[in-house]
Amino acid sequence: MTGKKILFTLLFALFAIPFSLIASNESNNESALEGKDKTKSEIKAYINHHLEDSYDFSIWHAAGIEFPLPIILIDEGLQVFSSSKFHHGKTLAEHNGNFYKVYHNKIYKTDVEGTISIDPETNHPEQTKPLNFSITKNVMSIFLFGLLMFFIFRSVAKSYGEDQIPNKLGRFIEPLVIFVRDDIAIPNIGEKHYRRFMGYLLTVFFFIWFLNLGGMTPLGIGVTNNLAVTFCLAIITFIITTISGNKSYWGHIFWMPGVPAPMKIILAPIELLGIFIKPFALMIRLFANMTAGHVVMMSLIGLLYIFTNWFARGAFLGLTLFLSIIELLVAFLQAYIFTMLTALYFGGAVAEHDDHH
Amino acid sequence: MEKLLDKFEVGLFFWQLILFLALLFLLRKYAWKPILTSVINREDSIKEGLEAAENAKEQMRQLKEDNKALLAEARIERDQIVKEAREAKDKMISDAKETAKEEGAKMIEAAKSAIQAERNAAVTELKSQVAVLSIQIAEKIIKSEISSDAKQQEIISAAMQNAKLN
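First, a word on scope: everything that follows refers to the structure included in this document. (Residues numbered from 1 in each chain as written. Chains lettered and ligands numbered in written order. Predicted model: local features only at pLDDT ≥ 70, side-chain atom pairs only at ≥ 80, totals over all residues. Heavy atoms only, no water.)

Notes on the pattern of salt bridges
Now for step 1: If you walk through the whole model with that rule in mind, you get 7 salt bridges over all chains.
Now for step 2: Among the salt bridges present, the one from R181 of chain A reaches D182 of chain A, with a minimum N-O distance of 2.9 Å.
Now for step 3: Here D79 of chain B ties to R78 of chain B by a salt bridge, and the two come within 3.2 Å at their closest N and O atoms.
Now for step 4: Take D79 of chain B: its relative accessible area is 41%, and that puts it in the partly exposed class.
Now for step 5: Beyond isolated ion pairs, a larger network of salt bridges with shared partners links R181 and D182 of chain A together with E43 of chain B. (Salt bridge = Lys/Arg side-chain N within 4 Å of Asp/Glu carboxyl O. Buried < 20%, exposed > 50% of the residue type's maximum accessible area, 1.4 Å probe, protein only.)

Structure follows, in structure tokens:
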């Protein structure tokens, strides 16, 4: 079997397995449920839960395959303890004489009773929220996928021997690397400058793609549908663009050449706003696409439990399968679009505009 | 928007930033650099190989052309040589003929003059022989003629008659 075949099989397995697992999860819950409304709210809660971060790494909740993760809080010094103390958010955690409670997936410092008093004006709890640097499920996923990526690409890099022919994995990875170089970096940045951006473009492309795919695995992680993650990627793009910006780039922002002076004054704030809007759009696009994808997928799976008609269930199963394939494409597409636009912004920052106007 | 901001987790952002930057640094140094270098090297070597092949082809073509030209040249030269040889042969033959003719003419001339000389000598010899013979005959005749006195008298009288002494 060739490397590609193995990969396709793996990819197929990646999106095929979640259904079976979620299905078994749900059926366990379903037996306890009565009535459609309860099922509906249950499904909504399940979707929300899936989209949210979690303080422990549960691979298969029903089978008890889950690991507690460290909770790191900054509250009068560093407070580090295991998330098992929360018992999946059901109980109060006591550490160094402080009491903490998970409320709506956020950790609040409470009294010994664990009271959460809601401020009627803001609709938020009045209790203080210590700075939370916990290693959550998402952080763990990023770390594990980063590790996976490092080992994959390192092994590929190592396999280039004297004959410069990569191993089987490399023969799958290399066209993608060349794709990023020849179809993303060079057309947008240009032959002259593209090389110094390749590291970031490749990393961001594979990072988003891998984690998007990771979101489709039975691990049930959704890293790229977190605003914090997409914000982080967008801000790095923004910083690199800003640092790389040459005279011509800033000239085009503050004093657009080739237009009358009053227009220059009007254009300057618009262009200035533009440099913030561009990465902002990057952030929202990835976040919204991945969140929407997950919501749609989970909703469709949820619908399988609302309908009792076997024909409808079959239809929704088919639709879910179809959408999974679409999502597989979206996973790649979003990575491509993010990298593409990043390259476009870099290209704009380093472009020499002598050739036109 | 507020809901989104509420969902924004500073901790996740912090870890993502650290982990991503670490990943970026590590991959850049240990993966992308060697991969891209190898890819570029390989592309270059393929390009070079193709160029070399193209060059070889060009050289081959050049060589073929050269060969053709050389062959044509050789053919022309051969024709020239053959032509020259033929000409030389013709010339030699004609020269020989000429020489032979001349030689023959000379020899004929020499023979002719020799014959002439021989003839002249023979004629001279003949003449002297004839003279000797004539003298001998005349001697004999005279001897017989004047053997008798009558005859002598007759001759003297005849001679006397012819010689009128005036």
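From this point on, the discussion continues.
Some details on the environment of A281 of chain A
All names here are of chain A.
Now for step 1: Its location among the elements puts A281 in helix α8 (residues 261–306).
Now for step 2: Taking relative accessible area as the criterion, A281 reaches 25% and is therefore assigned partly exposed.
Now for step 3: Each C-alpha atom of the pair A281 and A234 lies 8.6 Å from the other, and the pair is 47 residues apart in sequence. (Helix = DSSP H or I, 4+ residues; strand = E, 2+ residues; numbered from the N terminus.)

Side note on the interface of chain A and chain B
Accessible area lost upon the coming together of the parts serves often as the stated size of an interface.
Now for step 1: Contact residues are listed per partner, giving 49 residues for chain A and 35 residues for chain B.
Now for step 2: The contact between chain A and chain B buries some 3900 Å² in all, and 75% of this surface belongs to carbon and sulfur atoms.
Now for step 3: Inspection of the chain A/chain B interface yields 2 salt bridges.
Now for step 4: A salt bridge links R42 of chain B to E174 of chain A, with the nearest nitrogen and oxygen atoms 2.5 Å apart.
Now for step 5: Across the chain A-chain B interface, the total number found is 5 residue pairs in polar contact (both at pLDDT 80 or more).
Now for step 6: When residues of the side of chain A that touches chain B are traced back to their parent elements, those giving at least two are α3 (137–159), α4 (168–189), α5 (198–214) and α6 (227–244) of chain A.
Now for step 7: Per-element tally for the side of chain A that touches chain B: the top contributor is α3 of chain A, with 11 residues. (Contact = heavy atoms within 4.5 Å. Buried area = accessible area lost by both parts, 1.4 Å probe. Polar contact = N/O pair within 3.5 Å; in protein donor to acceptor, adjacent residues only side chain to side chain.)

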